[in-house]
Amino acid sequence: GPKVLQIPSHQIIDMGQMVTLNCDPVSNHLYFYWYKQILGQQMEFLVNFYNGKVMEKSKLFKDQFSVERPDGSYFTLKIQPTALEDSAVYFCASSPTGDEQYFGPGTRLTVL
Amino acid sequence: SQLAEENSWALSVHEGESVTVNCSYKTSITALQWYRQKSGKGPAQLILIRSNEREKRNGRLRATLDTSSQSSSLSITATRCEDTAVYFCATLLQGGRALIFGTGTTVSVSP
């Protein structure tokens, strides 16, 4: 099936630093999403993005978070500055129509 | 409170048996999706069932939806060891918006 790629698979950074998580969505998809999953807990929605704009964001999407998809390339999630509570696995998803979402393998972020 | 949640934390079956995971939700939905997540991987969609559908099948999988009781079930027949995973239901809100995931049910299939 369609594959979403995420780079890197793991990232370890010091608190206060900036991190950018990269997602390579399925090529003809129009909707993009980021989710956060803390170990052993449920997946939680962060933000979705369509037509170059944020459509909706949750309360977990703090001011330190931002997303963009410059020139149709990677869909990125930037966290600046990072905090300890940002440690989690971040999943990117894309969708052709906004219904069926295809998830990437996740990026495990560890903030020290 | 959770907008979607599965009703069991964990279920264990032997290969060949059937297993059913149940889910309840608390909001009006356009569709409900069942996902499977294996260890270290992202969720993979199994079945999408729309609010005007009562049942959907996909191979050994069967999903039901009861909008009056705001509940859904996912049944897996003839289980295999590779069906071992966490199974989530997720409710889809209108307009390409967020999926709201339940906490998941761990299904373990042993030989």
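Reading the values: rules and limits
- Residues numbered from 1 in each chain as written.
- Chains lettered and ligands numbered in written order.
- Predicted model: local features only at pLDDT ≥ 70, side-chain atom pairs only at ≥ 80, totals over all residues.
- Heavy atoms only, no water.
- Helix = DSSP H or I, 4+ residues; strand = E, 2+ residues; numbered from the N terminus.
- Buried < 20%, exposed > 50% of the residue type's maximum accessible area, 1.4 Å probe, protein only.
- Phe/Tyr/Trp six-rings, centres within 6.5 Å; stacked < 30°, edge-to-face > 60°.
- Core = buried A, V, L, I, M, F, W, Y, C linked by side-chain atoms within 4.5 Å.
- Contact = heavy atoms within 4.5 Å.
- Buried area = accessible area lost by both parts, 1.4 Å probe.
- Salt bridge = Lys/Arg side-chain N within 4 Å of Asp/Glu carboxyl O.
- Polar contact = N/O pair within 3.5 Å; in protein donor to acceptor, adjacent residues only side chain to side chain.
- Nonpolar A, V, L, I, M, F, W, Y, C, P; charged D, E, K, R; others polar.
- Disulfide = S-S within 2.5 Å.

Peer 1: I keep staring at the overall build of chain A and nothing clicks. Help me out?
Peer 2: Helix and strand counts for chain A stand at 0 helices and 11 strands. Taken from N to C terminus, the helices and strands of chain A fall in the order β-β-β-β-β-β-β-β-β-β-β. When its C-alpha atoms are laid out on the principal axes, chain A stretches across 35 × 25 × 25 Å. The burial tally for chain A puts 46% of its 112 residues in the buried class.

Peer 1: Where do I start with the packing of aromatic side chains in this structure?
Peer 2: Between two aromatic rings, the relevant description is the distance of the centres plus the angle of the planes. Under the definition given, this model contains 9 aromatic pairs over all chains. For the ring pair Y35 of chain A and F45 of chain A, a centre distance of 5.8 Å and an interplane angle of 70° mean the geometry is edge-to-face. Placement of Y35 of chain A in strand β4 (residues 31-37) and of F45 of chain A in strand β5 (residues 43-50) is noted, with a sequence separation of 10 residues between them. Like Y35 of chain A, the residue F45 of chain A is buried in the burial classification. Taking 5.7 Å as the distance between ring centres and 85° as the angle between the ring planes, the aromatic pair formed by F61 of chain A and F65 of chain A counts as edge-to-face. Under the relative-accessibility criterion, F61 of chain A is labelled buried at 10%. Taken together, the ring pairs in this structure connect Y33, Y35, F45 and F103 of chain A together with Y35 of chain B into an aromatic cluster.

Peer 1: Just to check I follow, could you spell out the nonpolar core for this structure?
Peer 2: Across soluble globular proteins, you tend to see nonpolar side chains buried next to one another. Residues and elements named next belong to chain A. Core analysis: the biggest nonpolar cluster contains 22 residues, and W34, L46, V67, F75, L77 and Y90 have the highest contact counts within it. Broken down by secondary-structure element, the contributors of at least two residues to this core are β3 (19-24), β4, β5, β7 (65-68), β8 (75-79), β9 (88-95) and β11 (107-111). When near neighbours in sequence (up to four residues on either side) are disregarded, V67 contacts W34, V47, F49, V54, F61, F75, T76 and L77.

Peer 1: Would you mind going over the environment of D86 of chain A with me for this structure?
Peer 2: Mapping D86 of chain A onto the fold places it in the loop between β8 and β9. In sequence terms D86 of chain A and R69 of chain A are 17 residues apart; their C-alpha atoms lie 21 Å from each other.

Peer 1: Just to check I follow, could you spell out the interface of chain A and chain B for this structure?
Peer 2: Interfaces are often sized by the amount of accessible area the parts lose when they come together. The interface is formed by 18 residues belonging to chain A together with 21 residues belonging to chain B. Carbon and sulfur atoms supply 50% of the area that chain A and chain B bury against each other, a total of about 1500 Å² over both sides. Our enumeration of links across chain A and chain B arrives at 1 salt bridge. Two residues, D99 of chain A and R50 of chain B, come together in a salt bridge whose shortest N-O distance is 2.8 Å. The interface formed by chain A and chain B holds 4 residue pairs in polar contact (both at pLDDT 80 or more) in total. Of all the secondary structure elements, the ones that give two or more residues to the side of chain A that touches chain B are β4, β5 and β6 (53-57) of chain A. In terms of residues, the side of chain A that touches chain B owes the most to one element, β4 of chain A, which gives 4 residues. Of the residues assigned to the side of chain A that touches chain B, the class counts are 9 nonpolar, 6 polar and 3 charged.

Peer 1: Can you help me understand the side chain of T64 of chain B in this one?
Peer 2: Residues and elements named next belong to chain B. Examined against the element boundaries, T64 turns out to sit in strand β7 (residues 61-66). With a relative accessible area of 18%, T64 lands in the buried category. Beyond its immediate stretch of four places on either side in the chain, T64 contacts I49, R54, E55, S71, S72 and S73.

Peer 1: Help me understand the pattern of salt bridges, please; the structure alone is not making it clear to me.
Peer 2: Charged atoms that come close allow side chains of opposite charge to pair. All names here are of chain B. If you walk through the whole model with that rule in mind, you get 7 salt bridges over all chains. Close ionic contact of R60 with D83 constitutes a salt bridge, the shortest N to O distance being 2.9 Å. Of the two residues, R60 sits in the loop between β6 (55-58) and β7 while D83 sits in the loop between β8 (71-76) and β9 (85-92), which places them 23 residues apart along the sequence. Here R60 falls in the partly exposed class, since its relative accessible area comes to 23%. Among the ionic contacts, a cluster of salt bridges with common partners joins R36, R60 and D83.

Peer 1: How should the state of the cysteines be read in this particular structure?
Peer 2: Chemically, a disulfide is nothing more than a covalent bond linking the sulfur atoms of two cysteines. All names here are of chain A. Tallied over the full model, the rule gives 2 disulfides over all chains. Each sulfur of the disulfide joining C23 and C92 lies 1.8 Å from the other. Its S-S torsion of approximately -60° makes the covalent link between C23 and C92 left-handed. A residue pair is termed long-range when its members are at least 10 positions apart, and C23 in strand β3 and C92 in strand β9 qualify at 69 residues. For C23, a relative accessible area of 0% gives the class buried. For C92, a relative accessible area of 0% gives the class buried.

Take it as geometry only, folks, not as evidence of what the structure does.
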